[in-house]
Amino acid sequence: LVTLAGLPPVRGAVAAQVPEATHLALPEDEDDFAPAAGDIVARALATYDVLLIGPGLGQSPGAQALVRALLSSDAAAAVWLARVHQAAVSADAPPR
């Protein structure tokens, strides 16, 4: 299952090409991500296995704030650490 977190125009374009994707609506502020967007995604991270940021996100002030909020969030760190731990445990597991 794929969930796209984005602004309405992007979600609309993706929905036309990937109808099976679910969507996490992010607030916008004058055609850019609103300051709360990063917090919304960070809170939702616990329910996802993978986070892909971009491509095509751009370098607007809102996009930069979104990425900064995600990379500095406790949720992102917890997801990253859980994946590292899972990979380490899998590497130590005996072959099946």
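Source: prediction; values computed, not measured. (Residues numbered from 1 in each chain as written. Predicted model: local features only at pLDDT ≥ 70, side-chain atom pairs only at ≥ 80, totals over all residues. Heavy atoms only, no water.)

## Observations concerning the confidence of the model for the chain
Stage number 1. Of all residues in the chain, 76% have pLDDT values of 70 or greater, and the mean over the chain is 79.
Stage number 2. Within the chain, no element has a lower average pLDDT than helix α4 (residues 74–92), which sits at 59, and none a higher one than strand β2 (residues 22–25), at 89. (pLDDT = per-residue confidence, 0-100. Helix = DSSP H or I, 4+ residues; strand = E, 2+ residues; numbered from the N terminus.)

## Brief notes about the side chain of R11
Stage number 1. Structurally, the position occupied by R11 is in helix α1 (residues 8–17).
Stage number 2. Excluding anything up to four places from it in sequence, R11 contacts L4, G6, H23, L24, A25 and L26. (Contact = heavy atoms within 4.5 Å.)

## Examining the pairing of strand β1 (residues 3–6)
Stage number 1. Pairing analysis gives four bridges linking β1 to β2, with the strands arranged parallel. Its bridge partner being in β2, G6 is matched across the sheet by A25.
Stage number 2. Following the chain from β1 across α1 to the adjacent parallel β2, one finds a crossover that is right-handed. (Pairing = 2+ DSSP bridges. Right-handed = clockwise from strand over helix to strand, strands pointing away.)

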